Amino acid sequence: MNGGDEVVPAPAGPPSPLEWKFSQVFGERTAGEEVQEVDIISAIEFDKSGDHLATGDRGGRVVLFERTDTKDHGESRRDSERMDYSISRHPEFRYKTEFQSHEPEFDYLKSLEIEEKINKIRWCQIANGALFLLSTNDKTIKFWKVQEKKVKKISDMNVDPSKTMGNGGVASSSNSGSPRPCLANGGYSDSDRSYNYLSTDFSFPPGGIPSLRLPVVSSHETSLVARCRRVYAHAHDYHINSISNNSDGETFISADDLRINLWNLEISNQSFNIVDVKPANMEDLTEVITSAEFHPTHCNTLAYSSSKGSIRLIDLRQSALCDSHAKLFEEQEAPGSRSFFTEIIASISDIKFGKDGRYILSRDYMTLKLWDINMDSGPVATFQVHEYLRPKLCDLYENDSIFDKFECCLSGDGLRVATGSYSNLFRVFGCAPGSTEATTLEASKNPMRRQVPTPSRPSRSLGNSITRVVRRGAEAPGVDANGNSFDFTTKLLHLAWHPSENSIACAAANSLYMYYA
């Protein structure tokens with residue numbers, strides 16, 4: 001500025017770690033209360049605006065929540081968000097409605113029970129004030145419309161409504177209190193036909209009624225109605241593990257262990273098989289599909305992960321059957337590190353695209369990995385979720401915990417990632433360059449109760465211009481990251497990050513906990 005010298009701003013460092021606070025809990029258990037299997041939450045999803053939240057449970061129900069703290073000043077809040085002003089109030093949600101999405105079924109051809117458990121929920125575009133969402137169990141996807149319906153009532157009658165009966169007739173004062181003798185199917189006996197007409201006791205006022213009023217239909221209150229618009233069935237031989245909406249607003253994919261199908265939302269009796277990894281001989285099967293998701297903005301691009309720890313990016317423009325991938329992302333294992341558990345823990349349980357589509361976050365049993373879709377040589381960052389469990393892999397295999405499928409999520413700004421662990425803990429990591437943020441939180445009303453100190457700076461590998469990072473939590477054999485003995489029965493598998501704010505919803509058994517920072 002002085003003498004033509006230009007002021008160069010100091011380079012901004014990584015964002016400081018967030019301090020998480022408890023916001024709300026729905027379905028909190030009292031001490032010692034037994035959790036019913038059907039009430040355990042199995043899916044969580046925010047809609048694009050972040051104003052609605054949906055959960056699915058093992059009983060086949062979908063529960064919807066709506067945000068309440070934006071109702072008073074919706075537009076002004078959005079404007080202030082755009083201008084980067086901090087908002088004093090934190091996101092608050094309230095119960096909106098629930099509906100039974102799926103029922104238990106039986107496949108008579110295969111003699112298999114089909115659970116009603118909701119595997120995934122995905123929000124679709126809102127239209128005419130109605131909410132639309134897809135929900136799926138192991139075999140059947142359903143398209144739901146949730147809309148407010150006005151309850152209509154007839155008012156402004158010519159006679160006192162309190163004295164009217166049945167089919168518009170008027171009850172006399174002499175018999176209004178006595179029950180009407182009814183026949184099957186709602187009919188009346190001959191002796192009681194007078195109830196269908198004006199009672200003989202009814203008398204007009206002297207001079208008659210001066211003017212007749214037309215009854216008016218008025219609606220004072222509303223009720224929410226969930227209606228199943230379409231059912232997409234009989235397209236998967238194996239269990240559906242993923243559904244994902246396309247950015248075109250017209251199509252979606254569903255993935256099972258061996259195939260990915262492409263659907264049009266309007267057409268429920270036909271789908272196109274776009275990925276098929278089933279070998280001619282099932283004995284040659286070496287890997288299965290574990291998760292699939294569309295790119296957030298490119299309608300022709302999708303990614304799917306496998307049980308071998310690889311992620312494939314495919315382009316629907318290349319061919320009708322996308323058996324050949326456009327890009328393959330996998331990390332080469334270190335020589336000499338292979339063990340009996342290597343392949344099991346390498347299996348990716350969930351993948352998510354970042355909001356801008358540049359990065360993919362993947363979760364395997366022990367780690368979170370962040371991948372740049374422009375760099376297929378390896379992940380740009382690796383986060384150790386519960387490295388202290390590595391010596392316990394044998395026990396985890398024995399009790400089947402090693403096959404638990406943990407989900408992962410990214411913040412809307414792409415600066416942080418989160419995933420769950422055991423003992424109802426979840427981890428939040430900073431993924432901005434230079435960040436050392438690695439927070440451990442507990443799904444309870446006091447999330448920081450079992451906090452550990454932030455670890456020392458992450459170790460870095462040499463070479464790339466984009467630095468690869470490996471970050472660990474505090475590690476001690478035999479105990480979890482907080483010095484407590486770990487509990488494999490309480491696991492936090494499902495969580496979701498609000499699309500535009502630092503707010504996380506996570507499921508601990510049948511309870512939905514919400515936190516903000």
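Residues numbered from 1 in each chain as written. Predicted model: local features only at pLDDT ≥ 70, side-chain atom pairs only at ≥ 80, totals over all residues. Heavy atoms only, no water.

Per an unreviewed UniProt entry, the protein chain goes by the name Serine/threonine-protein phosphatase 2A 55 kDa regulatory subunit B and belongs to Cicer arietinum.

Caption draft 1: Just the nonpolar core, in detail. Residues Trp 20, Phe 426, Val 428, Leu 495, Ile 504 and Cys 506 are the most contacted members of the largest nonpolar core, which totals 17 residues. For this core, the secondary-structure elements that each account for two or more residues are strand S28 (425-430), strand S32 (495-497), strand S33 (503-508) and strand S34 (511-516). In terms of residue count, S33 provides more of this core than any other element does, 3 residues in total. For Leu 495, the contacting residues outside a window of four places in its chain are Ile 44, Glu 407, Cys 408, Cys 409, Ala 418, Thr 419, Gly 420, Phe 426, Ile 504, Ala 505 and Cys 506. (Core = buried A, V, L, I, M, F, W, Y, C linked by side-chain atoms within 4.5 Å. Buried < 20%, exposed > 50% of the residue type's maximum accessible area, 1.4 Å probe, protein only. Helix = DSSP H or I, 4+ residues; strand = E, 2+ residues; numbered from the N terminus. Contact = heavy atoms within 4.5 Å.)

Caption draft 2: How the structure looks around unusual backbone geometry. One non-glycine residue, Asn 128, lies in the positive phi region at around 55°. When you line up the elements, Asn 128 lands in the loop between strand S8 (120-123) and strand S9 (131-136). Asn 128 sits in the exposed class, given a relative accessible area of 79%.

Caption draft 3: Spotlight on the sheet that holds strand S3 (residues 52-57). An order of S2-S3-S4-S5 is seen for the 4 strands of this open sheet, with the pairing classed as antiparallel. Here the strands that pair on one side only, and so sit at the sheet edges, are strand S2 (41-46) and strand S5 (93-100). Strand-to-strand twist across the sheet, computed as the mean angle between neighbouring axes with direction ignored, equals 20°. As defined by bridge partners, S3 adjoins strand S4 (residues 61-67) across 5 bridges and the pair is classed as antiparallel. Bridge pairing in S4 links Leu 53 to Phe 65. (Pairing = 2+ DSSP bridges. Axes fitted to C-alpha atoms, helices over the stretch in contact; angles between N-to-C directions.)

Caption draft 4: Main features of the pattern of salt bridges. Scanning all chains against the criterion turns up 23 salt bridges. Of the charged contacts, one joins Asp 39 and Arg 61 as a salt bridge, the two residues approaching to 2.6 Å between their closest N and O atoms. Of this pair, Asp 39 sits in the loop between strand S1 (21-26) and S2 while Arg 61 sits in strand S4, and the two are 22 residues apart along the sequence. Owing to a relative accessible area of 27%, Asp 39 belongs among the partly exposed residues under this scheme. Classification of Arg 61 as partly exposed rests on a relative accessible area of 21%. (Salt bridge = Lys/Arg side-chain N within 4 Å of Asp/Glu carboxyl O.)

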